[in-house]
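# Structural characterization, general
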Amino acid sequence: MATMESLIGLVNRIQRACTVLGDHGGEGMSLWEALPSVAVVGGQSSGKSSVLESVVGRDFLPRGSGIVTRRPLVLQLHKTEEGQAEYGEFLHAPKKKFADFASVRKEIQDETDRMTGKTKHISNIPIHLSIYSPNVVDLTLIDLPGMTKVAVEGQPDSIVEDIDHMVRSYVEKPNCIILAISPANQDIATSDAIKLAREVDPSGERTFGVLTKLDLMDKGTNALDVLEGRSYKLQHPWVGIVNRSQADINKNVDMIAARQKEREYFESSPEYGHLAHKMGSEYLAKLLSQHLEAVIRQRIPSIIALINKTIDELDAELDRIGRPIAVDSGAQLYTILELCRAFDRVFKEHLDGGRGGGDKIYGVFDHQLPAALKKLPFDRHLSLQNVRKVVAEADGYQPHLVAPEQGYRRLIDGSLSFFKGPAEASVNAVHFVLKELVRKSIAETQELKRFPSLTAEIAAAATEALERFREESRRTVLRLVEMESSYLTVDFFRKQQLETEKQEKGHNPSGPNMDRYSEMHLRRIGSNVSGYISMICETLRNTIPKAVVYCQVREAKRSLLNHFYAQIGRREKAQLGTMLDEDPALMEKRQATAKRLELYKSARDEIDSVSWK
């Protein structure tokens, strides 16, 4: 079975680790909040500081008027062997032992001023003080600022609310044991500590009531109704305390002697003699230590469950935002290439239909290109008037003998030139789709979010590559059009001539020179050219998409970042490091997450180090 010392020591070590790694408690759910603790609360001048000093057996807390405790003081008591020297250690000065408890008091004051300045403001960041002494029991107490009702000179107007908020942030937690300090010479109904405890712990299960200044009550009165639970009943017994008087404090009366004087007071008191064995600071310390040990033992399974669950969540979060990057150039280059491949995978998923977007390219070929081809002005170009004009200009001073071949070629070349517009428009439309898919892929590549510099370079490299692919695609589709112009399909016109001859068989047509500009002849020319252009249109409708996909889409899938890969392979270490510069906010988040993970793993190791046999 784990001992009381090991259990309370375990919580002490975890609390210290929490503070070192920035988990101060009192600010929402955290590991600190899951640890059982004893919070000491009371109004100003309730005798709170004297109770703590009586428990420790040393005079070590700052004293003065107004708010003296302006930061939570986590007081961890460690019982040592008889005869060993007493000393204190602060978490913020771990290698320094304070054997003089007057210097402990000064260090508390100096450390408070370091955080809050020489003002009367408060801070929620705790001071950790460990005291090693044979005159204490293993116990941890959290001394909180005394509650007040009005702000005094030098304090902010919000001080009352600030202190109330801080104290509540501790005592509202279900794992917090409340040590409510109330002076016996005041009506218990007006006690700030009891009023607060009643609000946050109405059943009294977590509250220990402490009644101070019993020796200062008016003659003829006593506090038995309170101590015996008739005035205000708690689940745990009330404990009466007799603090040192101001005269004793002024005379530096030894705390051990003060404890003896306290024992004698209760043993000789006619009112409290029958309760003497359950009164006094020594009894209070033992009672709290035993109860804290029992609560820790009860909470250990839930603490372990919380730690394991949180470690899994923090590991997953670090995987999501990315682990730290190694500093050597080989590892940096490997990381960059892996990030590029991650982007490339997402980009290909868009093209292949896994993420959507590639269908827009098909839309260019299935809707946009056919619509553009239908709108070409062939009717105007092959109108009777324009055919007459083109044929006449092509004949010049020598009319054509049989068929106006030059006129045909001019009409065909003019018609084919119209195809260049839709061809280039298809190239540009696919280019813009690919650019948008690059933008989406970068945004959807989670691994890139932490590296804005690399993200910008990948975007620039991809855009540059798409521009090269577009230019090559543009040249290719224009070549397709020019190829049609450079070599005409003769068989088409031969078939047209045979059809014409069949239609004219049995007629006596006029000679070629006589009717070369007749309306029927010109219409036949326009009709033949229109048929040929329709054939070419159908061909280009099929070949333009093939060329665009081959030059742009296929190359984007195969080699979008190839040029970029070649460039980064030649870069120096400093340049690679610059590419992996991260968003400061993300670096801060990773650092905070790593700190929390370190804290929880440290806590798990601490728990594993305790014997549970």
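Residues numbered from 1 in each chain as written. Predicted model: local features only at pLDDT ≥ 70, side-chain atom pairs only at ≥ 80, totals over all residues. Heavy atoms only, no water.

Now for the overall build of the chain. Assigned secondary structure in the chain consists of 22 helices and nine strands. Restricting to contacts in the chain with at least 6 residues of sequence separation, those with at least 24 account for 81%. Just so you have it, the chain exposes about 30,500 Å², and 52% of that area is on carbon and sulfur atoms. (Helix = DSSP H or I, 4+ residues; strand = E, 2+ residues; numbered from the N terminus. Contact = heavy atoms within 4.5 Å. Areas by Shrake-Rupley, 256 points an atom, 1.4 Å probe, with all protein chains shown as cover.)

With that settled, the discussion passes to the packing of aromatic side chains. Taken as a whole, this structure holds five aromatic pairs when the rule is applied. Within the aromatic cluster, the residues linked to one another by ring pairs are Tyr265, Phe266 and Tyr272. Sitting over the ring of Tyr87, Lys97 keeps its end group 4.6 Å from the ring centre. (Phe/Tyr/Trp six-rings, centres within 6.5 Å; stacked < 30°, edge-to-face > 60°. Lys NZ or Arg CZ within 6 Å of the ring centre and 35° of its normal.)

Let us look at the packing of helix H17 (residues 452-486) against helix H19 (residues 519-559). Two quantities define a packed helix pair, namely the angle between the helix axes and the distance between the axes. Between H17 and H19, the shortest axis-to-axis distance is 9 Å and the interhelical angle comes to 160°. In this view, H17 runs roughly antiparallel relative to H19, as classed from their interaxial angle. For the element pair H17 and H19, the recorded crossing hand is right-handed. Considering only residue class, the contact of H17 with H19 consists of 13 nonpolar, six polar and four charged. (Axes fitted to C-alpha atoms, helices over the stretch in contact; angles between N-to-C directions. Parallel < 35°, antiparallel > 145°, perpendicular 65-115°, else oblique. Left-handed = near helix turned anticlockwise from the far one by under 90°. Nonpolar A, V, L, I, M, F, W, Y, C, P; charged D, E, K, R; others polar.)

Mean pLDDT over the chain: 83, with 88% of residues reaching 70 or higher. Summarising per-element confidence for the chain, the mean pLDDT is lowest in helix H18 (residues 490-504) (68) and highest in strand S9 (residues 239-240) (94). (pLDDT = per-residue confidence, 0-100.)

Within the fold, Asp100 resides in the loop between strand S4 (93-98) and helix H4 (101-116). Take Asp100: its relative accessible area is 48%, and that puts it in the partly exposed class. C-alpha separation for the pair Asp100 and Gly88, spaced 12 residues apart in sequence, amounts to 8.4 Å. (Buried < 20%, exposed > 50% of the residue type's maximum accessible area, 1.4 Å probe, protein only.)

Let us look at the environment of Pro72. Turning to its location among the elements, Pro72 is positioned in the loop between helix H3 (48-56) and strand S2 (73-79). With 70 residues separating them in the primary sequence, Pro72 and Ile142 have C-alpha atoms 6.4 Å apart. Excluding its chain neighbours within four sequence positions, the residues that come into contact with Pro72 are Ser123, Asn124, Ile125, Pro126, Ile127, Ile142, Asp143, Leu144, Met166 and Tyr170.

Burial within strand S6 (residues 139-143) is extensive, with five of its five residues counted as buried. Both faces of S6 are covered, namely the face carrying Leu139, Leu141 and Asp143 and the face carrying Thr140 and Ile142. The pairing of strand S1 (residues 37-42) with S6 spans three bridges and is parallel. Note on S6: the bridge partner recorded for Val38 is Leu141. Relative to S6, S2 runs antiparallel, the two sharing five bridges. Bridge pairing in S6 links Val74 to Ile142. (Pairing = 2+ DSSP bridges.)

This next bit is on the pattern of salt bridges. All told, the structure shown has 30 salt bridges when counted by the stated rule. A salt bridge links Glu313 to Lys309; the nearest nitrogen and oxygen atoms lie 2.6 Å apart. Taken together, the residues span about one helical turn, with Glu313 and Lys309 both in helix H10 (residues 281-321) at a distance of four residues. Residues participating in the shared-partner salt-bridge network are Glu424, Glu471, Glu472, Arg474 and Arg475. (Salt bridge = Lys/Arg side-chain N within 4 Å of Asp/Glu carboxyl O.)

Right, let's get into the sheet that holds strand S8 (residues 207-212). Strand order in the open sheet made by the nine strands is S4-S3-S5-S2-S6-S1-S7-S8-S9, with mixed pairing throughout. Two strands bound the open sheet, and with one partner strand each, they are S4 and S9. Strand direction decides the pairing type here: strand S3 (residues 87-90) and S4, joined by two bridges, are antiparallel. Looking at the pairing, Gly88 lines up with Phe98 of S4. Each of S1, strand S7 (176-183) and S8 is contacted by helix H6 (residues 192-200), which is oriented at about 150° to S7, the strand it contacts most.

Phe419, Leu454 and Leu560 are the most contacted members of the largest nonpolar core, which has 67 residues in total. Once residues within four sequence positions are removed from consideration, Leu560 is found in contact with Phe343, Asp344, Phe347, Val438, Ala461, Ala462, Ala465, Leu466, Phe469 and Glu555. Of all hydrophobic cores here, the second largest spans 59 residues; its members include Ile14, Leu35, Leu61 and Leu314. (Core = buried A, V, L, I, M, F, W, Y, C linked by side-chain atoms within 4.5 Å.)

The next thing to look at is the packing of helix H11 (residues 329-352) against H19. Two numbers describe how H11 lies on H19: the axes approach to 9 Å, and their chain directions differ by 150°. Crossing geometry of H11 relative to H19 is assigned as left-handed. Contact residues: H11 offers Asp344, Phe347, Lys348, Leu351 and Asp352, while H19 offers Val553, Ala556 and Lys557. Here the contact of H11 with H19 is composed, by residue class, of four nonpolar, no polar and four charged.

Here we take up the side chain of Thr310. Here Thr310 shows up in helix H10. For Thr310, a relative accessible area of 6% gives the class buried. Residues in contact with Thr310, not counting those within four places in the same chain, are Arg596 and Tyr600.

Residue pairs spaced three or four apart in an α-helix point in one direction, given the helix's 3.6 residues per turn. If you check helix H9 (residues 255-268), its first and last C-alpha atoms are 20 Å apart, about what 14 residues at 1.5 Å a residue would give, namely 20 Å. At its buried positions, H9 is contacted by H3, S9 and H10. (Expected span 1.5 Å × (residues − 1).)

Looking now at unusual backbone geometry. Although it is not a glycine, Lys213 sits at a positive phi angle of roughly 60°. With respect to the helices and strands, the residue Lys213 is situated in the loop between S8 and helix H7 (224-227).

The next subject is the environment of Leu339. As for its placement among the helices and strands, Leu339 is situated in helix H11. The spacing of Leu339 and Thr455 is 116 residues in sequence and 9.3 Å in space, taken between C-alpha atoms. Ignoring sequence-local partners within four residues, the contact set of Leu339 consists of Glu447, Leu448, Phe451, Leu454 and Leu580.

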